[in-house]
Amino acid sequence: MINEHGLVGRVVGTSGGVSRMLLVSDVSSRIPVLIDRTDARAILTGDGSGNPRLAFVRGQQAIQSGDRILTSGDGEDCPADCP
């Protein structure tokens, strides 16, 4: 699910016209991402707050304040290039 600011969450199950969604802020959420400026890979991890954290960032000085974070498309959970 995407809104005007970017990725909000992903559908993790459906049943009888109802969908279950896992928000990116959920502590169970792990999404492979990349930093647009450097193409460095990382994992966006939910921590229950409105600001998920980046874990396992590859590369020295791979991220700076203001960098755009995009889904990498790795795995099957999210398409590539969603902010």
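Scroll up to find the structure.
Keep in mind the model is a prediction, meaning the values are calculated, not measured.

Caption draft 1: How the structure looks around the environment of Arg68. Note that Arg68 resides in the loop between β7 (53-55) and β8 (69-71). Residue classification places Arg68 among the partly exposed positions, given a relative accessible area of 45%. Expressed as a C-alpha distance, the spacing of Arg68 and Arg10, which sit 58 residues apart in the sequence, is 20 Å. Ignoring sequence-local partners within four residues, the contact set of Arg68 consists of Leu34, Ile35, Asp36 and Pro83.

Caption draft 2: Quick peek at the nonpolar core. With ten residues, the main nonpolar core is built from Leu7, Val24, Ile31, Val33, Ile35, Ala40, Ala42, Leu44, Ala62 and Cys78. Those elements that provide at least two residues to this core are β5 (30-35) and β6 (41-45). When residues in this core are grouped by element, the largest group, three residues, is from β5. Apart from the residues lying within four places of it in its own chain, the contact partners of Val33 are Ala40, Arg41, Ala42, Ile43, Leu44, Leu54, Ile69, Leu70, Thr71 and Ser72.

Caption draft 3: Spotlight on unusual backbone geometry. With phi around 60°, Asp39 is a residue other than glycine that occupies positive phi space. Secondary-structure assignment places Asp39 in the loop between β5 and β6. On the basis of relative accessibility, which here comes to 54%, the residue Asp39 falls in the exposed class. Of note, Asp81 is a non-glycine position whose phi angle comes to about 70°, a positive value. Mapped onto the elements of the fold, Asp81 is located in the segment after β8.

Parameters at a glance
Residues numbered from 1 in each chain as written. Predicted model: local features only at pLDDT ≥ 70, side-chain atom pairs only at ≥ 80, totals over all residues. Heavy atoms only, no water. Helix = DSSP H or I, 4+ residues; strand = E, 2+ residues; numbered from the N terminus. Buried < 20%, exposed > 50% of the residue type's maximum accessible area, 1.4 Å probe, protein only. Contact = heavy atoms within 4.5 Å. Core = buried A, V, L, I, M, F, W, Y, C linked by side-chain atoms within 4.5 Å.

In short, the description is geometric, and any link to function would need to be established separately.
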